[in-house]
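What follows is each chain in one-letter form.
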Amino acid sequence: MALFQQMYSAPSIAVRVVRSRSISMAATSTARKTVSAVSTTPVRTPHIDSHVLLGMSELDLQQLATDLGQQKYRGKQLHQLIYKSKVKEIQDFNQLPLAFRNDLQEAGWKVGRSPLHQVVKAADGTIKVLIKLHDNRLIETVGIPVEDDKGTIRLTACVSSQVGCPLRCAFCATGKGGYLRNLQRHEIVEQVLAIEDLFKNRVSNVVFMGMGEPMLNLKAVLEAHRCLNKDIQIGQRMITISTVGVPNTIKKLASHKLQSTLAVSLHAPNQRLRETIVPSAKAYPLDALMKDCKDYFDETSRRVSFEYTLLAGVNDAVEHAVELAELLRAWGSGYHVNLIPFNPIEDTEFRRPYKKTILAFAAALESRKVTTSIRQTRGLDANAACGQLRNSFQKSPLVAEAGMPITEPDTVAAVG
Ligand code: SF4
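Numbering of residues starts from 1 in each chain and follows the order in which that chain's sequence is written. Only residues with pLDDT of at least 70 are given local features in this predicted model, and only at 80 or more are side-chain atom pairs given and counted; all residues enter the totals for whole chains, interfaces and linings.

Asker: Sorry, what's going on with the overall build of the protein chain here?
Answerer: If you tally the helices and strands in the protein chain, you get 13 helices and 13 strands. We call a residue exposed when 12 or fewer other C-beta atoms sit within 10 Å of its C-beta, buried when the count reaches 20 or more, and partly exposed for counts in between; the C-beta positions come from the backbone. A buried classification covers 47% of the 416 residues belonging to the protein chain. Restricting to contacts in the protein chain with at least 6 residues of sequence separation, those with at least 24 account for 74%. Each helix is a run of H or I in the DSSP string that is no shorter than four residues. Each strand is a run of E no shorter than two, and both are numbered from the N terminus. Residues are scored as being in contact if the C-beta atoms we place from backbone atoms lie within 7 Å.

What follows is the structure, given as structure tokens:
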């Protein structure tokens with residue numbers, strides 16, 4: 001759910017680039033596979049690395065310690081080293097006996113942290129990071145600092161759940177870039193730790209709105225959710241799982257009774273229009289999606305957030321707002337509509353609506369008692385929008401070209 005491509009734009013922001021040392025990427029032939037057809041079938045994660053410490057609970061780490069002939073409390077120390085001290089390599093676990101460190105390494109264990117490939121910082125403090133995974137794939141993560149009335153900084157991490165995305169929503173840079181694989185749980189968790197490292201601050205909120213459709217990787221998303229909540233101590237209510245809608249998955253999520261927010265990307269008030277914007281909607285009629293959302297609310301008592309990207313001349317007319325209000329009429333107070341003015345990307349025919357159109361749309365909803373907000377546009381420029389930063393490095397983003405040079409992203413043009 002690459003909603004952040006809509007969120008982060010700003011007029012004439014010059015971006016600062018911090019480079020990692022590693023500037024070449026090895027090509028692999030298997031990387032050249034692409035998913036050409038739209039599919040809503042959950043995809044299995046290939047080459048799961050079972051010897052990764054990150055993502056493990058304290059209990060699991062205690063078990064590992066005792067399996068390797070150590071006292072149980074060594075597991076607690078491992079937990080602190082990974083999640084509190086955020087040590088990235090086993091050889092740097094200085095509180096642990098050398099023999100234990102050696103045993104861990106000889107058994108093939110690793111922490112599971114990846115190098116940062118590039119960091120782009122916007123004038124308002126928003127930071128976008130490209131993380132280079134063990135198979136040379138690049139994923140994007142965004143850190144958004146927001147200062148509240150009392151001057152406290154709330155730090156949100158927008159995390160990816162897949163390398164690319166197979167759903168190919170019409171307006172999405174990530175969807176245009178193709179799809180390779182699901183992320184493993186530690187690859188989701190490490191994004192949050194990377195943001196904490198960069199900001200030298202704790203992440204308070206996590207939104208699964210980066211690259212990929214979280215519901216196509218629900219097992220790893222739920223495992224990462226557990227770790228973020230229990231091990232990194234981010235409240236469940238501070239975590240949002242976003243989806244464009246994948247059949248049979250919202251029910252599954254509801255059965256876990258998490259106290260997290262479900263954000264559903266509608267983008268249209270009727271099935272016919274929705275199918276033109278979200279091709280995967282063909283497999284999941286709007287009526288069925290709305291019923292599953294209602295069941296989620298009934299099951300969890302958590303308000304559902306409906307995301308609606310406003311595309312000029314496509315879905316932004318007052319009539320669309322009226323139809324949307326009608327769709328939500330039976331919902332009472334169990335929902336919220338979040339309007340997201342489109343942020344143009346390369347190679348797209350879509351445009352951002354004028355401000356007066358956006359305000360008229362919101363007013364039409366509010367006058368019909370629909371709780372509505374308009375998402376603030378801030379942070380990074382359009383060229384660094386979700387999916388685009390990565391695409392600028394990997395023109396075919398599923399392929400890591402050997403020796404491909406890194407180029408500086410351009411200074412940004414004004415948007416909107
Ligand atoms: S193509 Fe994938 S990442 Fe992009 S908006 Fe659709 S579901 Fe989200």
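Asker: Looking at this structure, how should I read the packing of helix H11 (residues 318–327) against helix H12 (residues 355–366)?
Answerer: Geometrically, a packed helix pair is captured by the angle between its two axes and the distance between the axes. Lines fitted to C-alpha atoms define the axes, with helix axes restricted to the stretch in contact, and inter-axis angles between N-to-C directions lie between 0 and 180 degrees. The N-to-C vectors of H11 and H12 enclose an angle of 30°; their axes lie 9 Å apart at closest approach. Viewed along their axes, H11 and H12 adopt a mutual orientation that is roughly parallel. Of the two possible hands of crossing, H11 and H12 adopt the one that is right-handed. In contact with Val318, Ala321, Val322, Leu324 and Ala325 of H11, H12 contributes Ala360, Phe361, Ala364 and Leu365. Residues of the contact of H11 with H12, tallied by class, amount to 9 nonpolar, no polar and no charged. When an angle is under 35 degrees it counts as roughly parallel; over 145 it counts as roughly antiparallel; between 65 and 115 it counts as roughly perpendicular; any other value is oblique. Crossings are sorted by hand: turned counterclockwise from the far helix by less than a right angle, the near helix makes the crossing left-handed, and turned clockwise it makes it right-handed. Ten residue types, Ala, Val, Leu, Ile, Met, Phe, Trp, Tyr, Cys and Pro, are classed as nonpolar, four, Asp, Glu, Lys and Arg, as charged, and the remainder, Gly among them, as polar.

Asker: Can you walk me through the packing of helix H2 (residues 58–67) against helix H3 (residues 73–83) in this structure?
Answerer: Interaxial distance between H2 and H3 falls to 7 Å at its minimum, and their mutual angle equals 130°. Relative to H3, H2 is oriented oblique. Of the two possible hands of crossing, H2 and H3 adopt the one that is right-handed. Where H2 approaches H3, its residues Glu58, Leu61, Gln62, Leu64 and Ala65 are matched on the opposing element by Arg74, Gly75, Lys76, Leu78 and His79. Here the residues of the contact of H2 with H3 sort into 4 nonpolar, 3 polar and 3 charged.

Asker: So what exactly am I meant to see when it comes to the pairing of strand E2 (residues 116–121) here?
Answerer: Here is the key point about a regular strand: its side chains alternate between the two faces of the sheet. Pairing of E2 with strand E3 (residues 127–132) involves 5 bridges; the strand directions are antiparallel. Within the sheet, the bridge partner assigned to leucine 116 lies in E3 and is isoleucine 131. Pairing between strands requires that DSSP locate at least two bridges from one strand to the other. Joining the antiparallel neighbours E2 and E3 is a turn of 5 residues, in which glycine 125 adopts a positive phi near 100°.

Asker: Got a minute to help me understand the confidence of the model for the protein chain in this structure?
Answerer: The predicted coordinates ought not to be read in detail in places where the model reports low pLDDT. Every residue gets a pLDDT, meaning the predictor's confidence in that residue, from 0 to 100. For the protein chain, per-residue confidence averages 82 on the pLDDT scale, and 79% of positions sit at 70 or higher. Here residues 380–389 is a poorly scored stretch, pLDDT under 50, and it has 57 contacts once near neighbours within four places are set aside; other chains count.

Asker: Hey, could you run me through the pairing of strand E12 (residues 335–341) in this one?
Answerer: Here strand E11 (residues 304–310) pairs with E12 via 7 bridges, running parallel. Residue leucine 310 lies in a different strand from E12, and its bridge partner there is proline 341. Clockwise travel from the first strand over the helix to the second, with the strands pointing away from the viewer, marks a crossover as right-handed. A crossover connection joins E11 to the parallel E12 through H11; in handedness this β-α-β unit is right-handed. Two elements, E12 and strand E13 (residues 372–374), share 3 bridges in a ladder whose sense is parallel. When the bridges of E13 are listed, leucine 339 appears paired with isoleucine 374.

Asker: I keep staring at H3 and nothing clicks. Help me out?
Answerer: In an α-helix, one full turn covers 3.6 residues, which means residues spaced three or four apart are oriented alike. Those residues of H3 not exposed but buried are Arg74, Gly75, Leu78, His79, Leu81, Ile82 and Tyr83. If you follow the buried residues of H3, they end up packed against H2, helix H4 (98–106) and helix H7 (218–231).

Asker: Is there a simple way to explain the nonpolar core in this structure?
Answerer: Burial of nonpolar side chains together is a common tendency in soluble globular proteins. We call a set of buried Ala, Val, Leu, Ile, Met, Phe, Trp, Tyr and Cys residues a nonpolar core when their C-beta atoms link them within 7 Å. Within the largest apolar cluster, 94 residues are counted, with the highest numbers of intra-cluster contacts made by Val189, Val192, Val206, Leu228 and Leu262. Structurally, this core is a two-domain feature, drawing no fewer than three residues from each of domain 1 (4–40 + 113–393) and domain 2 (58–106). In this structure leucine 262 touches Ile241, Ile250, Leu253, Tyr296, Arg302 and Val304, once residues within four positions along its chain are discounted. Where each domain starts and ends follows an automatic or database-derived domain assignment.

Asker: When you look at helix H6 (residues 185–199) in this model, what are you seeing that I'm missing?
Answerer: Under the convention used throughout, the expected extent of a helix is 1.5 Å for every residue step, that is, one less than its residue count. Helix length check: H6 (15 residues) gives 22 Å between terminal C-alpha atoms against 21 Å at 1.5 Å per residue, within 8%. Counting buried positions along H6 gives 11 out of 15 residues, so the element sits mostly inside the fold. Of all the positions in H6, only Arg185, His186, Glu187, Ile188, Val189, Glu190, Gln191, Val192, Leu193, Ala194 and Ile195 are classed as buried. Next to the buried residues of H6 lie E2, E3, strand E4 (138–147), strand E5 (153–158), strand E8 (205–208) and H7. Looking at the residues trailing H6, positive phi occurs at lysine 200, about 50°.

Asker: Looking at this model, I keep getting lost on the environment of glutamate 223. Mind explaining?
Answerer: Within the element layout of this structure, glutamate 223 appears in helix H7. Between the C-alpha atom of glutamate 223 and that of methionine 56, which follows or precedes it by 167 residues, the distance is 9.1 Å. Apart from the residues within four sequence positions on either side, glutamate 223 is in contact with Gly55 and Arg185.

Asker: Help me understand unusual backbone geometry, please; the structure alone is not making it clear to me.
Answerer: Most of the time, phi is negative for any residue but glycine, and the peptide bond is trans. Phi is positive for lysine 86, which is not a glycine, with a value near 55°. As for its placement among the helices and strands, lysine 86 is situated in the loop between H3 and H4. A count of 17 C-beta atoms within 10 Å places lysine 86 in the partly exposed class. Positioned with a positive phi, lysine 257 is a non-glycine residue whose angle comes to about 50°. Its location among the elements puts lysine 257 in the loop between helix H8 (249–255) and strand E10 (261–265).

Asker: Just to check I follow, could you spell out the environment of alanine 362 for this structure?
Answerer: Inspection of the secondary structure assignment puts alanine 362 in helix H12. Given 18 C-beta atoms within 10 Å, alanine 362 falls into the partly exposed group. The spacing of alanine 362 and valine 337 is 25 residues in sequence and 9.3 Å in space, taken between C-alpha atoms. With residues up to four places along the chain from it excluded, the contact list for alanine 362 reads Leu339, Thr372 and Ile374.

Asker: What is the right way to read the environment of glutamine 77 from this model?
Answerer: Residue position: glutamine 77 is located in helix H3. Once residues within four sequence positions are removed from consideration, glutamine 77 is found in contact with Gln95 and Leu96.

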